[in-house]
Amino acid sequence: MALTPIVFSDDDEPTNTAATVPGQTPPVDAESYTVYRPDRGAPVDEPEGEAMTVTWKDVTSGNRRVPLVPAWMMSAHGRRETMRALASDVGYYTAFHLLRSPWYGLKVAGYAPRGVWRLARRVLRWASAEEGNWELRQHAASKADAYTWQALNRTRAKESKPRWMLLGAAGTAACVGGTVLELSGAVPPIGWYAAAAGAAVLAAQAGKPADRPITDRVSNTPKFTRLTAEQVRAALVAVKTQGLTDPGQLEFPSPIHRDGPGWLARVNLPLGVEAVKVIEKRAALSSALRLPIDQVWPAPGPEHAGQLDLWVGYQPASKMGKPRWALLADNAVTSVFRPEEFGSDERQRPVTTSGFARSFLIGGQPGSGKSYAARSLALAWSLDPTVEFKIAEFKGTGDFLDFEALCSTYVVGVDDEAIRQGGAILAWALAEAERRGKRILAAKQAGLAPEGKVTPELARKPGSGLHPIVIVIDEAHELFAADKDAADAAERLIKRARALGIIVVLATQIPDKTSLPPNITRCVTNRWCLSVQGQVENDMILGTGAYKRGITGTVYKPVDDAGWGVMTGGPSPVSVLSQYPTPQQAAAIIARAIALRGGRRPVGDDLPPARDLLADLLAVSVDNGQHWSVAAGALAERWPEAYPVMTADALSEMARALGVPSQGVKVAGKVLKGYRRDELSKILAQRQQSE
Ligand SMILES: Nc1ncnc2c1ncn2[C@@H]1O[C@H](COP(=O)(O)OP(=O)(O)OP(=O)(O)O)[C@@H](O)[C@H]1O
């Protein structure tokens, strides 16, 4: 809609500038001003021809430019990985063909004579200039046209003479050159053999049937070699995203290029279409590209929500080798305060995370690689000499046994005692968080903790009592299902521990409400979902709506894709394969970790000593016995370190597990559920006898 500016002066009627003679300036004076009809609003488009306010720097700003050198050359890691991939390919092809070389030799010997004959015939035909001429002469002869025949023959003779001379000269030069080289001894015998072999291969190439190559094909499957704009357009339209119907709607802000071991296509989707809508359809995209799903990795682009980065690997991720772990270097030292490598992504780039102020939840079905994922984090932090470990693993198979030497508390098993000790770790950590709060307050008052957080300096300071503590609970569902208080304690700890240098890593198998209370999931900063069966499990680990946003571990198969998962908590969700060192490599890391701690084994002196629950129940009972609710309060009051979060239900459950019946007991005139003192004494006496 065109707007009509009207010039007003204070005492004048408005003058419609459209009514003035075109090309003439409208009548204006010092008091005139221009208004626009209020019902139409002011123009919103920038007037054309306005001076640009864009600077030269804006125009030439880095992110508009295509990098001078390919992306894979930009980082040492990219260069190393590309060279390694190249060397591996070259090695493979060499071995493949070397193994078949005797068969190739036989083929060459068979085809070469035929090739010599074919080449000689071709050369003679060329020299005699018969090509095309012979047929025409035949035609003239069959029509008894002697004149044309002679003219054609003269042309042929004229063409052929210099060719014969050239052939003769080349032949003589070859003979003389060969004789001179032979007599001078300039070419060693191997050179002659190589030349003969080369000549034989050339002859065999000329002599072989057109459809039979001399060398065998290395691969039978059609190999994906290049991602083209046409493929990308066709695939994106084929996934049927609303608002994307025409390949012409897609724009490529930069050319499709190699990025790591694959191709990267950055695509601007049509206006209003979000990249996430395409990411959700990863499986459909893989079908449209006719490639395995773990070869196709759509991700949000860096510039806006409608930009898609489609990375397509040369091979499916499950078939790619693993990049070497930087921590395997002999001098590697880490810090929980710095991002450290614990896995790699689909492009074989290292994936890092810091430990400080973070907590980790690793979930997945059996065989998805949870324990090893937790190990990769623990191994990374083991090389920080200030870290103290407390590890409880409830699979009972000793997946972390080699960490025992680094642990102040190490619990393995699924029996009641292991569960009790696992709960005790959390209870201790809660009490420690309390103590640390006070220490940090003191440090802040002394100006040592400006943000009220543990700093690397404070963590290192001997005697500060603020060194990092890594608590790993593997198969945490076993603990949480058996001990509800432990789940509550874990939740409170995760909430409190962030700034206090206590890092909690939970690995769990069955995400349901009891085994993984939703509140824990909500508080954890980094969630790592390995292979899961469906949307429900996925969203229990990664949060509601994650699956719909395309952030899902359902794309991984257990066992086959063990170690692969998607982690949130960083700048954007990443697919990550945990580092999986060999037992020898892991042993070397642990040995260095022990050496970094001066060979000393941490002492868990501040973990509450195991208390005898039966004896303690006896101690807090009256003549008749005690109510669970009163006993729970009394235990927590008398031994807060050992029973910091005791409830009547939990106490009754723990006592019943030890054989104490729960029954109505009359204490202080009230009958409530509790335990009888005589029953308790009987159990204690029996225990003493059996000891
Ligand atoms: N990053 C990895 N790379 C290759 N293989 C791995 C990786 N992580 C784990 N695996 C393989 O997967 C197997 C199972 O791993 P892990 O014990 O960690 O799984 P889990 O999910 O803890 O299983 P479960 O719930 O049965 O205990 C390991 O024995 C190992 O062979």
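Being a predicted model, the structure only gives us computed values, none of them experimental.

(A) How the structure looks around the overall build of the protein chain. When you go through the protein chain residue by residue, the secondary structure sums to 21 helices and 20 strands. Scored against the burial criterion, the 691 residues of the protein chain give a buried share of 33%. Taking all contacts inside the protein chain whose residues are at least 6 apart in sequence as the whole, residues at least 24 apart take part in 66%.

(B) Here's a closer look at the sheet that holds strand E13 (residues 469–474). In spatial order, the strands read E9-E8-E17-E16-E15-E10-E14-E13-E11-E12; together these 10 strands make up an open sheet with mixed pairing. A single partner strand is all that each edge strand has here, and the edge strands are strand E9 (350–353) and strand E12 (407–412). Ignoring strand direction, the axes of neighbouring strands in this sheet form an average angle of 30°. Bridging between E13 and strand E14 (residues 502–508) involves six bridges; their strand directions are parallel. Considered in E14, the bridge of Val472 is made with Val505.

(C) Main features of the packing of helix H4 (residues 133–142) against helix H5 (residues 146–184). Two numbers describe how H4 lies on H5: the axes approach to 8 Å, and their chain directions differ by 160°. On the basis of the axis angle, H4 is roughly antiparallel to H5. The chirality of how H4 crosses H5 is left-handed. Here Asn133, Leu136, Arg137, Ala140 and Ala141 of H4 come into contact with H5, specifically with Thr148, Trp149, Leu152, Asn153, Thr155 and Arg156.

(D) Representation of H5. The terminal C-alpha atoms of H5, which comprises 39 residues, lie 55 Å apart, in line with the 57 Å expected from a rise of 1.5 Å per residue. Helix geometry: H5 is bent most strongly at Ser160, by close to 25°, with proline Pro162 lying one to four residues after it. Of all 39 residues in H5, one are buried; the element is thus mostly exposed. Two residues or fewer past H5, Gly185 is found with a positive phi of approximately 70°.

(E) Representation of the site of the ligand in the model. Around the ligand sit 15 residues, and of these Gly369, Ser371, Ala562, Gly563 and Tyr580 come closest. The residue makeup of the shell around the ligand, split by class, is five nonpolar, eight polar and two charged.

(F) Representation of the UniProt feature "binding site: ATP" (unreviewed entry) in the protein chain in the model. In the numbering adopted here, UniProt assigns the feature "binding site: ATP" (unreviewed entry) to Gly364, Gln365, Pro366, Gly367, Ser368, Gly369, Lys370 and Ser371. Dropping the residues within four chain positions of it, Gly367 is found in contact with Pro558, Val559 and Ala562. With respect to the helices, strands and loops of the structure, Ser368 is situated in the loop between strand E10 (360–363) and helix H10 (370–382). Contacts of Ser368, omitting those with residues within four sequence positions, involve Leu530, Ser531, Pro558 and Ala562.

(G) Layout of the sheet that holds strand E6 (residues 296–300). With antiparallel pairing, four strands are arranged side by side in an open sheet as E4-E5-E7-E6. At either end of the open sheet lies a strand with only one pairing partner, and these are strand E4 (257–258) and E6. Helix H9 (residues 282–289) contacts E6 and strand E7 (307–313) of the sheet and is inclined by roughly 130° relative to E6.

(H) Broad picture of unusual backbone geometry. In this structure, Ala129 is a non-glycine residue whose phi angle is positive, near 50°. Residue class for Ala129 comes out partly exposed when judged on the 19 C-beta atoms lying within 10 Å of it.

(I) Here's a closer look at the confidence of the model for the protein chain. On average, the protein chain scores 84 in pLDDT, and the residues at 70 or more come to 86%. With pLDDT under 50 throughout, residues 1–25 is counted as low confidence; its partners more than four residues away or in other chains account for 34 contacts. Interface confidence for the predicted complex, expressed as ipTM, amounts to 0.97; the pTM equals 0.61.

(J) Molecular detail of the pairing of E13. Here E13 lies mainly inside the structure; six of its six residues are buried. Looking at chain direction, strand E11 (residues 388–393) and E13 are connected through six bridges and run parallel. In the strand pairing of E13, Glu393 is matched with Asp474.

(K) Here's a closer look at helix H19 (residues 628–638). Among the residues of H19, those classed as buried are Trp628, Ala631, Ala632 and Leu635. Viewed end-on, H19 has its buried residues packed into an arc of 105°, placing them on one side of the element. Looking at H19, the residues exposed on the side facing more than 90 degrees away from the buried face are Glu637 and Arg638. In the core, the buried residues of H19 are packed alongside helix H18 (613–619), strand E18 (625–627), helix H20 (648–657) and strand E20 (670–676).

(L) Quick peek at the environment of Pro253. Counting through the fold element by element, Pro253 comes out in the loop between helix H7 (229–238) and E4. Overall, Pro253 belongs to the exposed group, with 12 C-beta atoms counted inside 10 Å. Distance from Pro253 to Arg266, taken between C-alpha atoms, is 6.6 Å for residues 13 residues apart in sequence. Contact partners of Pro253, with chain neighbours within four places excluded, come to Arg266 and Asn268.

(M) Summary view of the environment of Ser575. With respect to the element layout, Ser575 can be found in strand E17 (residues 574–578). A residue is classified by how many C-beta atoms lie within 10 Å of it, and Ser575, with 22 of them, is buried. Sequence separation between Ser575 and Arg347 is 228 residues; the distance between their C-alpha atoms is 9.6 Å. If we skip the residues at most four places from it in the chain, Ser575 touches Trp297, Asp345, Glu346, Trp564 and Val566.

Cut-off values and rules
- Residues numbered from 1 in each chain as written.
- Predicted model: local features only at pLDDT ≥ 70, side-chain atom pairs only at ≥ 80, totals over all residues.
- Helix = DSSP H or I, 4+ residues; strand = E, 2+ residues; numbered from the N terminus.
- Buried ≥ 20, exposed ≤ 12 C-beta atoms within 10 Å, placed from the backbone.
- Contact = placed C-beta atoms within 7 Å.
- Pairing = 2+ DSSP bridges.
- Axes fitted to C-alpha atoms, helices over the stretch in contact; angles between N-to-C directions.
- Parallel < 35°, antiparallel > 145°, perpendicular 65-115°, else oblique.
- Left-handed = near helix turned anticlockwise from the far one by under 90°.
- Expected span 1.5 Å × (residues − 1).
- Bend = angle between axes of the 7 residues up to and from the residue.
- Near = placed C-beta within 6 Å.
- Nonpolar A, V, L, I, M, F, W, Y, C, P; charged D, E, K, R; others polar.
- UniProt positions renumbered as here; feature names shortened; annotations may be inferred.
- pLDDT = per-residue confidence, 0-100.
- Arc of directions from axis to C-beta.

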